[in-house]
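In case you want the letters, here they are:
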Amino acid sequence: MTDAASKGRITAHVSGGVASVVIDNPRQKNATTKAMCQELQTLMPRLDNDPDVVVVTLRGAGDTFSAGASIDDLTAVLLDPQEDGSVTDHLSLADAAISAVRKPTIALVDGACMGGGWQLASACDFIVASDRSLFAITPAKIGVIYPRAGIERLVRLVGPANAKFILFSADTFTAQRAMQLGLVTETVANADFEARADDLVATLLARSRFSIHTVKNLIDVGNPTVHETDQLWQDAWEAMVNGPDMAIGVDAFLARERPRFAWRPEQEGAQP
């Protein structure tokens, strides 16, 4: 193992329209270091702007998704001091880089997904987990506060009461229980996990990129004013009418054929 690999790294491989991003730090159960968080901050915008990438997946190397932020590097990950006296939360910057990707992103969780590992997974559009996976958000065990971005998303996904239960108890949950709570979108039998992941990616590759990109933008827009929301929807509706995919999809449906959608993000009307 090279010195770089022994300290942990983020790897990415692009093939067939899919960017497979891997959290790779097996000596620490794929815990993320400051350097790994910075790699994600650089990598994600590059994949977002790569015309060869249609779907992005995030997973852990081996039999663990991620044990969270590296305890050996915890201060540097969450509270990195800057020259101006401020501190930088690199985990949340990595989270933001994943969240900002305009293409569909899937967290494929197979194995333990703990602490900051769940924050990175939840920054994807949704999480698919194998039955053997385990989940916990454990800052209460070591006297720290989960990053703001992680807590706010947790509350949105599971509700205030469940968020408090998860954070106060720092309990470990099975994949099924995690799905009941809202931490996970779907669970899959261990033996079927890779096949399900492949099928899901293939499904997204076959769908209209216009539809996916536009709907993702509308859902993730944040807190716009009423006027801004109305304008976003008006722009999206006009882009649908003026773009190629609606006609292609309707014609293919009537002909009982598989549609070959033509819209691409670089075309006029693509979301910024």
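Refer to the structure presented above.
Just so it is clear, the structure is predicted and the values come from calculations on it, not from any experiment. Throughout, residues of each chain are indexed from 1 in the direction in which the sequence is written. For a predicted model such as this one, the threshold for reporting local features is a pLDDT of at least 70, and the threshold for listing and counting side-chain atom pairs is 80 or more; totals across whole chains, interfaces and linings nevertheless cover every residue. Note that water and hydrogens are dropped before the side-chain values are worked out from all heavy atoms of the structure.

## Some words on the overall build of the chain
Put simply, the rule is: Helix and strand labels come from DSSP, where a helix needs a run of H or I of at least four residues and a strand needs a run of E of at least two; each type is numbered from the N terminus. For each residue, the accessible area found with a 1.4 Å probe, counting protein chains only, is set against the maximum for its type, and the residue is called buried under 20%, exposed over 50%, and partly exposed in between. The contact definition used throughout considers only heavy atoms, calling two residues in contact when any of these lie within 4.5 Å. Surface exposure here means Shrake-Rupley accessible area, sampled with a 1.4 Å probe, where a residue is shielded only by the protein chains that are shown.
Scanning the chain from terminus to terminus reveals 13 helices and 11 strands. Taking all 272 residues of the chain together, 44% fall into the buried category. Here the contacts in the chain between residues at least 6 apart in sequence split such that 66% fall between residues at least 24 apart. Accessible surface for the chain amounts to roughly 14200 Å². Of this, 54% is attributable to carbon and sulfur atoms.

## A few points about the pairing of strand S1 (residues 9-15)
To keep it simple, the criterion reads: Strands are labelled as partners when DSSP assigns at least two bridges between them.
Sheet analysis places S1 next to strand S2 (residues 18-24), joined by 7 bridges and oriented antiparallel. Of the residues in S2, the one forming a bridge with Arg-9 is Asp-24. In sequence, S1 turns back onto S2 through a hairpin of 2 residues, with Gly-16 there showing a positive phi of about 60°.

## Things to note about the sheet that holds strand S7 (residues 112-114)
Taken in spatial order, the 3 strands make up an open sheet running S7-S9-S10, and their pairing is mixed. The sheet is open, and its two borders are formed by S7 and strand S10 (173-174), each paired with just one other strand. Relative to S10, strand S9 (residues 134-136) is paired through 2 bridges, and the arrangement is antiparallel. Residue pairing across strands places Phe-135 opposite Phe-173, the latter belonging to S10.

## A closer look at the packing of aromatic side chains
The criterion, for reference: Side-chain rings of Phe, Tyr and Trp (the six-membered ring for Trp) are treated as a pair once their centres are within 6.5 Å; stacked means planes under 30 degrees apart, edge-to-face means over 60, and tilted covers the remaining angles.
Applying the stated criterion across every chain, the model contains 2 aromatic pairs. On the basis of an interplanar angle of 55° and a centroid distance of 5.8 Å, the ring pair of Phe-165 and Phe-173 is categorised as tilted.

## Quick word on the side chain of Thr-57
Inspection of the secondary structure puts Thr-57 in strand S3 (residues 55-60). Residues contacting Thr-57, with those up to four places away along its chain left out, are Val-18, Ala-19, Ser-20, Val-21, Ile-106, Leu-108 and Val-201.

## Overview of the pattern of salt bridges
Rule in force here: For salt bridges, the criterion is a side-chain nitrogen of Lys or Arg within 4 Å of an Asp or Glu carboxyl oxygen.
Using the criterion set out here, one finds 9 salt bridges in the structure. Lys-34 is paired through a salt bridge with Asp-80; the nearest N and O atoms lie 3.0 Å apart. Placement of the pair is Lys-34 in helix H2 (residues 34-48) and Asp-80 in strand S4 (residues 80-81), with a sequence separation of 46 residues. Taking relative accessible area as the criterion, Lys-34 reaches 23% and is therefore assigned partly exposed.

## Some points on helix H11 (residues 209-219)
Of the residues making up H11, those classed as buried are Arg-209, Phe-210, His-213, Thr-214, Lys-216 and Leu-218. Next to the buried residues of H11 lie strand S6 (105-109), helix H12 (226-242) and helix H13 (245-255).

## Points about the sheet that holds strand S11 (residues 186-188)
Under the convention used in this document: For helices, the axis comes from a line fit to the C-alpha atoms of the stretch in contact; other axes are also lines fit to C-alpha atoms, and the angle between any two N-to-C directions lies between 0 and 180 degrees.
Pairing in this open sheet of 6 strands is mixed, and the strands run S1-S2-S3-S6-S8-S11 from one edge to the other. This sheet does not close on itself; its edge strands, each paired only once, are S1 and S11. Strand-to-strand twist across the sheet, computed as the mean angle between neighbouring axes with direction ignored, equals 20°.

## Brief notes about the packing of H2 against helix H4 (residues 90-99)
Heads up, the condition is: Angles below 35 degrees are treated as roughly parallel, those above 145 as roughly antiparallel, those between 65 and 115 as roughly perpendicular, and all remaining angles as oblique. For a crossing to be left-handed, the near helix must be turned anticlockwise from the far one by less than a right angle; the clockwise case is right-handed. For this scheme, ten residues count as nonpolar: Ala, Val, Leu, Ile, Met, Phe, Trp, Tyr, Cys and Pro. Four count as charged, namely Asp, Glu, Lys and Arg, and the remainder, Gly too, count as polar.
Close contact between H2 and H4 brings their axes to 8 Å; oriented N to C, the two are set at 25°. Judged on the interaxial angle alone, H4 and H2 are roughly parallel. Relative to H4, H2 is oriented so that their crossing is left-handed. In contact with Lys-34, Cys-37, Gln-38, Leu-40, Gln-41 and Met-44 of H2, H4 contributes His-90, Leu-91, Leu-93, Ala-94, Ala-97 and Ile-98. For the contact of H2 with H4, the per-class residue count stands at 8 nonpolar, 3 polar and 1 charged.

## Focus on the state of the cysteines
In plain terms, the rule: In this description, the term disulfide denotes a pair of cysteine sulfurs within 2.5 Å.
Enumeration according to the criterion identifies 0 disulfides in this entry. For Cys-37, which is in no disulfide, the shortest distance to another cysteine sulfur is to Cys-113 and amounts to 14 Å. The buried category is assigned to Cys-37, whose relative accessible area is 0%. Here Cys-124 stays free of any disulfide, with the sulfur of Cys-113 as its closest cysteine sulfur at 10 Å.

## Topic: unusual backbone geometry
Unlike most non-glycine residues, Lys-29 shows phi in positive territory, near 55°. Position of Lys-29 among the secondary structure elements: in the loop between S2 and H2. Phi angles above zero are rare outside glycine, and Asn-30 is one such case at about 60°. Along the chain, Asn-30 falls in the loop between S2 and H2.

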